[in-house]
Amino acid sequence: MHATTRDDELREILTQARTIAVLGGHPDSTRPASYVPYYLSQQGYRVIAVNPLFVGRTLWGQPVHARLAEIPERVDIVDVFRRVDALSDHVADILAMEPLPRVVWLQAGLRHDGVARRLAQRGVAVVDDRCIMSEHWRLGLKDRLEGGPGRHESRAS
């Protein structure tokens, strides 16, 4: 099976990760692509938005990038907030990242078996159809990341 679903796997992913790239990150605080990354930044993760519409802005204390492969540091998780019909368009960008992310996390409502297979073939684990914020909370990880809440500037600006 290509998808990561067991609680112990999810807990390991979330406790080992430090940097999360948010594909489709958005400054509108009423959208999940804004308040979920904000929550993650409050938990101490370094959160980097990827959205070509907002390049030149800063979200969650980090500059917004147009593409994943432009991020100049290691990314542990790519958290995806895009329509399911757009997922295939992002595979090449994900696979161009150096080094590859450990995990691609498809938010609640997103599942694409073809994309998951392509990523798994390159050693990238996939979590699909789960909200990373809800899972973080459900697994009892709130405020448990080393460095604690607010470790990084977290407000959209």
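Look a little higher up for the structure.
As a convention, each chain's residues are numbered from 1 in the sequence order in which they are written. Reporting in this predicted model follows two pLDDT cut-offs: at least 70 for local features of residues, and 80 or more for side-chain atom pairs to be given and counted; totals over whole chains, interfaces and linings ignore these cut-offs and use all residues. Only hydrogens and water are set aside when side-chain values are computed; all heavy atoms of the structure are taken into account.

Would you take a moment to explain the nonpolar core for this structure?
Within soluble globular proteins, side chains that are nonpolar tend to cluster in buried spots. Within the largest apolar cluster, 26 residues are counted, with the highest numbers of intra-cluster contacts made by Leu14, Ile20, Leu40, Tyr45, Ile77, Trp105 and Ile132. Note on conventions: DSSP H or I runs of at least 4 residues are helices, E runs of at least 2 residues are strands, and numbering of each starts at the N terminus. Secondary-structure elements contributing two or more residues to this core are helix H1 (7-16), strand E1 (19-23), helix H2 (32-42), strand E2 (46-50) and strand E6 (103-106). Here the element with the most residues in this core is H2; it accounts for 4 residues. Core analysis: the next-biggest nonpolar cluster, separate from the first, contains 22 residues, Val91, Met97, Val104 and Val115 among them. Only buried Ala, Val, Leu, Ile, Met, Phe, Trp, Tyr and Cys residues count toward a nonpolar core, and they belong to the same one when joined by side-chain atoms within 4.5 Å. Relative accessibility thresholds used throughout: buried, under 20% of the residue-type maximum; exposed, over 50%; partly exposed, between the two (1.4 Å probe, protein chains only).

Mind showing me how you'd approach the pattern of salt bridges here?
Once the charged atoms of two side chains with opposite charge are near each other, the side chains can pair. Within this document, salt bridges are pairs made up of a side-chain nitrogen of Lys or Arg and a carboxyl oxygen of Asp or Glu, the two lying within 4 Å of each other. Inspection of the entire model under this criterion finds 11 salt bridges. For Asp8, the salt bridge identified is with Arg6, shortest N-O distance 2.9 Å. The partner of Asp7 in a salt bridge is Arg138, with the nearest N and O atoms 2.6 Å apart. A residue pair is termed long-range when its members are at least 10 positions apart, and Asp7 in helix H1 and Arg138 in helix H5 (residues 132-138) qualify at 131 residues. Asp7 sits in the partly exposed class, given a relative accessible area of 33%. What you see here is one network of salt bridges that share partners, running through Asp7, Arg130, Glu135 and Arg138.

Quick question: what am I supposed to make of the environment of Leu10 here?
By secondary structure assignment, the location of Leu10 is in helix H1. The buried category is assigned to Leu10, whose relative accessible area is 0%.

Please explain the pairing of strand E5 (residues 77-80) as it appears in this structure.
A regular strand carries its side chains on alternate faces of the sheet. The side-chain alternation of E5 yields two buried faces, one formed by Ile77 and Asp79 and the other by Val78 and Val80. Here 4 bridges tie E1 to E5, and the two strands are oriented parallel to one another. In the strand pairing of E5, Ile20 is matched with Ile77. Strands pair, by our definition, only if DSSP identifies at least two bridges between them. Sheet topology places E5 next to E6; 4 bridges connect them, and they run parallel. Its bridge partner lying in E6, Ile77 is registered against Val103.

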